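Survey of secondary and tertiary structure
As a plain string of letters, each chain reads:
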Amino acid sequence: MATTYELALEKTKNGTKPEVAAAELVALMTLDEKIHCLDGGVPFWVGIKDITTGGYHSRPFRAAKVERLGIPGFHFSDGPRGLVVGEATAFPVSMARGATFDPELEVRVGDAIGKELRAIGADLYGGICVNLLRHPAWGRAQETYGEDPHHVGEMGASLTRGAQRHVMATLKHFALNSMENARFGVDVKVDERALHEVYLPHFKRIIDEGVACVMTAYNSVNGEWCSQNNILLADILRHEWGFAGFVISDWIFGVHDGVQSLHAGLDVEMPYRMIRNAPIVAALSDGLVTEELVASAVTRTLTTMLKFGVGKLPVSDRSVLLCSEHVLLSQEVAEKSMVLLKNESVDGASLLPLNLKKSSKIAIVGRLAGVRNIGDGGSSDVMAPNVVTPLQGIREHFANCEIVYNSQATLESQVQQAKQSDLAIVVVGYTREEEGEFIGDSPDTVSMAALIPRQDDPDLAREYKNYMIENHHYAPDELRIKSRNGTFSIGGDRESLRLLDADVQLIHAVAKVQPRTIVVIVAGSAVVLSEWINEVPAVLMGWYSGSNGGHALANILSGAVNPSGHLPFVIPYDESHLPFFDRDAKSITYDYWHGQWKLDRDGNKPMFPFGFGWSYTNFSFSNAEIEVSETVKFRCAVLNTGSRDGATVVQIYAGRNNSAVERPKRRLVAFKRVEVRAGETVHVECTAPFQNFATRNIENHSWFVEQGLWNCEIGQFSGDPESLPVALTIRQRIEL
Ligand code: BGC
């Protein structure tokens, strides 16, 4: 017999509005059942023991399940680089995917991840992380797409679109969560223009895409915790943007004041019954919270579940996990993401692509050459087996060459190997130990721990233990999150933007003896390269590149694939050109200025500008046109002037000579990745909505586009001297 929930699903399918079917369902729920849906509904102590002893990433987190009515609840698995429960395909991290500037490819990634989630029963993907990269030291920089709001919004919207073909998706962390060690305690101060023009446009873009769920951030904004922040949750998210999905908290210690969080519009405290339940129960009996308020939160959750068909979503066959289609997609993404930063001539020819004779000797050195290193070891970790390391990829690809590698080699012996070889590939950078989610002790959570119930409700504990047994998707032990102190890798914000001293010493020493030295950097965001870059002819940004990253790297080095990645952030000559960053800050101001925009404003030349990346061919742009109607359309012709097929990214920047308000010299308003065959021309059109030119009116919280002349540029990176200038004249100020 169909359950009450299944009947509601049926009705929704037959045309009843999900919010109506959900309201009917909620009307049948007891008060206890409604309260049960306001948090994970899972006992804290059993849950916490489970996740700290290997259960994290072994099963999806479940919430809002009501047995009596057949409400299945939702089942959350993290991201963003793949399914985190059990063994799955590891995609390159989001920052790498940002470097592809390829929203269509990102839809395919979302589609693949969504399918993999459905193989283990998850129906809520936690991977749409779009906090802006304000500073590259942020430990979780790799989980977002870059420093530019338009670019981040397009990439995140694409991931959402792909994933939501199969599951619901979660947009996180709302908002201004781009510091890691201080995330539980820091207050971010921001004014209205910086908030709406810099830190929120990409969130809005993804809300407009139809994302199902929003996760609040741990930090506070302008003095109020995000999980109970009326301005963020009620005024902006619900009223101004019209978000109709449901809002969940970030995980443990994500909620401070349970009652206030309910009033502000937080629907579910995740993942357990923690801080919220007792105060809400008390407030209900004191009349400080009404049953209607509780019901409205539950209705939003159920409306979304019904709208997406949760409970009856198609289940993927388990063979979809790590299927060759997904692994090859991860490789394609890795190949399109690697950014060629430098490629100079050695003996009259560019060092890359490698032009090797049979039995050439290649020295592979550096501590990251032979290790599985696919990024953060916290919530985004993916238990992919058989990750292809740089060493393995190069060995297999250059099977005719002699590969010299010794994992135990000292600095001296690596230098010797490099000297005696025809070229040296140095693989250096970071691991999850130097950057990633911070899962160490934080003094900021001590007072909250006291608000957690002293003991578990025995019924919940029993139910959860069954769930643990029935839903385990263990990865082999060697792939489970590695511990440094019995729990997780500690990660956190980077201590420095430079490579580790040992890596720098190695580069100096190898470059002295081997003129054909290629440095491959593995990292999740910008690295300052100033102290060594002049000593080597070639540098490649390799990222945390996923399951088949080593194959992708070999294909780029050999020229089997032409590099086409472009930087989703600026690389400065010096860290002082970036905004202030203190990983232990209690309070920090996010103003308008970060990344390329700040360098432009301060007159600091970047080492590598936003959007930059070489190819093994060259492109020239011509025939710029602009057409203004409901949107602004930019057109140009892209000619591949070289002898290899390749791809570039057409980037449109807009600025003004005279502006009534401070604004970036150049702001990205549109972009398009384009493949062009050698010698051929492709005509490209990029569309920018007026919103991408808009200014926030802080008097009445609306938007307008300044009238007058806008200087637009069509180029291959920010400040490209070969950009085509295009004038956009707005006759009359436009109110949006
Ligand atoms: C992270 C979230 C993640 C959650 C669940 C939190 O610590 O901040 O991004 O989704 O854990 O794993």
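Residues numbered from 1 in each chain as written. Predicted model: local features only at pLDDT ≥ 70, side-chain atom pairs only at ≥ 80, totals over all residues. Heavy atoms only, no water.

Description of the overall build of the protein chain
Definition in use: Secondary structure elements follow DSSP: runs of H or I no shorter than four residues count as helices, runs of E no shorter than two count as strands, and numbering proceeds from the N terminus. Throughout, the radius of gyration refers to the C-alpha atoms, and the reference size of a globule is 2.2 Å times the residue count to the power 0.38. Working rule for contacts: check all heavy atoms of both residues, and any pair within 4.5 Å makes them a contact. Values of accessible area rely on a 1.4 Å probe in the Shrake-Rupley scheme; residue burial ignores everything except the protein chains shown. His residues and chain termini do not enter the charge count, which takes Lys and Arg as positive and Asp and Glu as negative. Each charge is placed at NZ for Lys, CZ for Arg, CG for Asp and CD for Glu.
Across its full length, the protein chain holds 21 helices and 30 strands. For the protein chain, whose C-alpha radius of gyration is 26 Å, the value lies close to the compact-globule estimate of 27 Å for 736 residues. Seen through its C-alpha atoms, the protein chain measures out along the principal axes to roughly 80 × 65 × 50 Å. In the protein chain, 79% of the contacts between residues at least 6 apart in sequence involve partners at least 24 apart. Split by element, the accessible area of the protein chain, about 26600 Å² in all, is 50% carbon and sulfur. Positive and negative charge centroids in the protein chain, built from 70 and 90 side chains respectively, lie 3 Å apart.

Quick word on the sheet that holds strand E21 (residues 619–628)
Rules: One bridge is not enough; two strands pair if DSSP finds at least two bridges between them. Axis definition: a line fit to C-alpha positions, over the contact stretch in the case of helices; interaxial angles, taken between N-to-C directions, run 0 to 180 degrees.
Overall, antiparallel pairing links the three strands, which are arranged E21-E22-E25 in an open sheet. Sheet topology places E21 and strand E25 (681–689) at the edges, where each strand pairs with a single neighbour. Going from strand to strand, the sheet's axes swing by 20° on average, the running direction of each strand aside. Judged from the nine bridges that link them, strand E22 (residues 631–640) and E25 form a sheet pairing that is antiparallel. By the bridge assignment, Arg635 is partnered in E25 with Glu685.

A word on helix H12 (residues 277–286)
Rules: Note on classification: 1.4 Å probe, protein chains only; a residue is buried when its accessible area is under 20% of the maximum for its type, exposed when over 50%, partly exposed between these limits. Working note: the arc is built from the helix axis to C-beta atom directions.
Those residues of H12 that fall on the buried side of the exposure criterion are Asn277, Ile280, Ala283 and Leu284. Taken end-on, H12 shows its buried residues confined to a sector of 135°, consistent with a single buried face. Away from its buried face by more than 90 degrees, H12 exposes Ala278, Ser285 and Asp286. Residues of H12 that are buried make contact with helix H3 (31–36), helix H11 (258–264) and helix H13 (291–308). Two residues or fewer after H12 comes Gly287, characterised by a positive phi angle close to 80°.

Some words on the nonpolar core
Test applied: Buried residues of nine kinds, namely Ala, Val, Leu, Ile, Met, Phe, Trp, Tyr and Cys, make up a nonpolar core once their side-chain atoms join them within 4.5 Å.
Residues Phe74, Phe174 and Ile248 are the most contacted members of the largest nonpolar core, which totals 144 residues. Looking at this core element by element, the count peaks at eight residues for H13. Residues within four places of Phe174 in sequence aside, it is in contact with Leu200, Phe203, Val214, Met215, Thr216, Ala217, Cys226, Leu232, Leu233, Leu237 and Trp241. Among the nonpolar cores identified, the runner-up in size contains 76 residues, and Cys129, Ala334, Val522 and Met607 belong to it.

As for the sheet that holds strand E9 (residues 246–248)
In spatial order, the strands read E1-E2-E3-E4-E6-E9; together these six strands make up an open sheet with mixed pairing. Taken across any chain shown, the strands that pair with only one partner, and hence form the sheet edges, are strand E1 (61–66) and E9. On average, each strand axis in the sheet is tilted by 30° relative to the strand beside it, whichever way the strands run. Sheet strands in contact with helix H10 (residues 230–240) are strand E4 (168–174), strand E6 (213–216) and E9, and its direction is about 150° off that of E9. Seen against the sheet, H13 touches E1, strand E2 (71–78), E4 and E9 and runs at an angle of roughly 85° to E2.

Quick look at the pairing of E21
For E21 and E22, the ladder comprises eight bridges, and the chain directions are antiparallel. By the bridge assignment for E22, Ser620 is matched with Leu639. Hairpin remark: E21 followed by E22, antiparallel, with two residues in the connecting loop.

Side note on the site of the ligand
To be explicit about the condition: Here, proximity means that at least one heavy atom of the residue falls within 4 Å of the molecule or strand. For this analysis, a polar contact is any N or O atom pair within 3.5 Å, provided that within protein one partner can donate a hydrogen and the other can accept it, and provided that sequence-adjacent residues contribute only side-chain to side-chain pairs. Each residue gets one label: Ala, Val, Leu, Ile, Met, Phe, Trp, Tyr, Cys and Pro are nonpolar, Asp, Glu, Lys and Arg are charged, and the others, such as Gly, are polar.
The environment of the ligand is made up of 13 residues, and the closest members are Tyr56, Asp78, His173, Asp250 and Glu437. Here Arg183 contributes a side-chain N or O atom positioned 3.1 Å from an oxygen atom of the ligand. A distance of 2.6 Å is found between an oxygen atom of the ligand and a side-chain nitrogen or oxygen belonging to Glu437. Protein chains shield 96% of the accessible area of the ligand, which is 310 Å² for the free molecule. Residue assignment for the shell around the ligand shows that the elements contributing at least two residues are E2 and E4. A breakdown of the residues in the shell around the ligand according to their chemical character gives five nonpolar, two polar and six charged.

Thoughts on the state of the cysteines
This is how it is decided: In this description, a disulfide is simply a cysteine sulfur pair whose atoms lie within 2.5 Å.
Throughout the structure, instances matching the rule amount to zero disulfides. In this structure Cys37 is a free cysteine whose sulfur lies 14 Å from that of Cys213, the closest cysteine sulfur available.

Some thoughts on the domain arrangement of the protein chain
Defined as follows: An automatic or database domain assignment is the source of the domain bounds shown. By definition, the buried area sums, over both parts, the 1.4 Å-probe accessible area that each loses when the two are put together.
Once the domains are mapped, the protein chain shows domain 1 (324–435 + 492–568) and domain 2 (617–735). Placing a centre on the C-alpha atoms of domain 1 and another on those of domain 2 gives a separation of 33 Å. Each partner contributes to the interface: domain 1 provides seven residues, whereas domain 2 provides 11 residues. Regarding the contact of domain 1 and domain 2, the summed buried area is about 610 Å², with carbon and sulfur atoms giving 39% of it. There are four residue pairs in polar contact (both at pLDDT 80 or more) connecting domain 1 and domain 2. Residues belonging to the side of domain 1 that touches domain 2 are distributed by class as follows: two nonpolar, four polar and one charged.

A word on the environment of Asn177
Assignment of secondary structure puts Asn177 in the loop between E4 and strand E5 (187–190). Along the chain, Asn177 and Tyr218 lie 41 residues apart, while their C-alpha atoms are 7.3 Å from each other. Setting aside anything within four residues of it in sequence, one finds Asn177 in contact with Asn131, Trp138, Arg183, Ala217, Tyr218 and Asn219. Separated by 3.4 Å, the side chain of Asn177 and the backbone oxygen of Met179 make a polar contact.

Structural notes on the confidence of the model for the protein chain
We count it as follows: One confidence number per residue, pLDDT, is output by the predictor and ranges from 0 to 100.
The pLDDT averaged across the protein chain works out to 96; a share of 99% of its residues lies at or above 70. Across the protein chain, helix H5 (residues 94–100) holds the top mean pLDDT of 99, while helix H17 (residues 446–449) sits lowest at 86.

Thoughts on the pairing of strand E16 (residues 517–522)
With six of its six residues buried, E16 lies for the most part within the structure. Of the two faces of E16, both are covered, the one formed by Thr517, Val519 and Ile521 as well as the one formed by Ile518, Val520 and Val522. One ladder, built from six bridges, connects strand E15 (residues 423–429) with E16; its direction is parallel. Directly across from Val427, in E16, lies its bridge partner Val520. Sheet topology places E16 next to strand E17 (residues 538–541); four bridges connect them, and they run parallel. Directly across from Ile521, in E17, lies its bridge partner Met541.

Observations regarding the packing of aromatic side chains
This is how it is decided: The rule is short: rings of Phe, Tyr and Trp, with Trp giving its six-membered ring, pair when the centres are within 6.5 Å, and they are stacked under 30 degrees, edge-to-face over 60, tilted in between. Charge-over-ring contacts are defined here by two conditions on Lys NZ or Arg CZ: a distance within 6 Å of the ring centre and an angle within 35 degrees of the ring normal.
Applying the stated rule across the entire model yields 23 aromatic pairs. Ring centres of Phe74 and Phe246 lie 5.1 Å apart, and the angle between their planes is 45°; this geometry places the pair in the tilted category. Here Phe74, found in strand E2, pairs with Phe246, found in strand E9; they are 172 residues apart in sequence, far enough to count as distant. Like Phe74, the residue Phe246 is buried in the burial classification. It is Arg62 that lies over the ring of Tyr467; its NZ or CZ is 4.4 Å from the centre.

Concerning the environment of Trp45
Tracing the sequence through the fold places Trp45 in helix H4 (residues 44–55). Of the residues examined, Trp45 reaches a relative accessible area of 36% and is grouped as partly exposed. Leave out the neighbours within four places in its chain, and Trp45 touches Ile452, Pro453, Arg454, Gln455 and Asp456. Only 2.8 Å separates the side chain of Trp45 from the backbone oxygen of Pro453, close enough to count as a polar contact.

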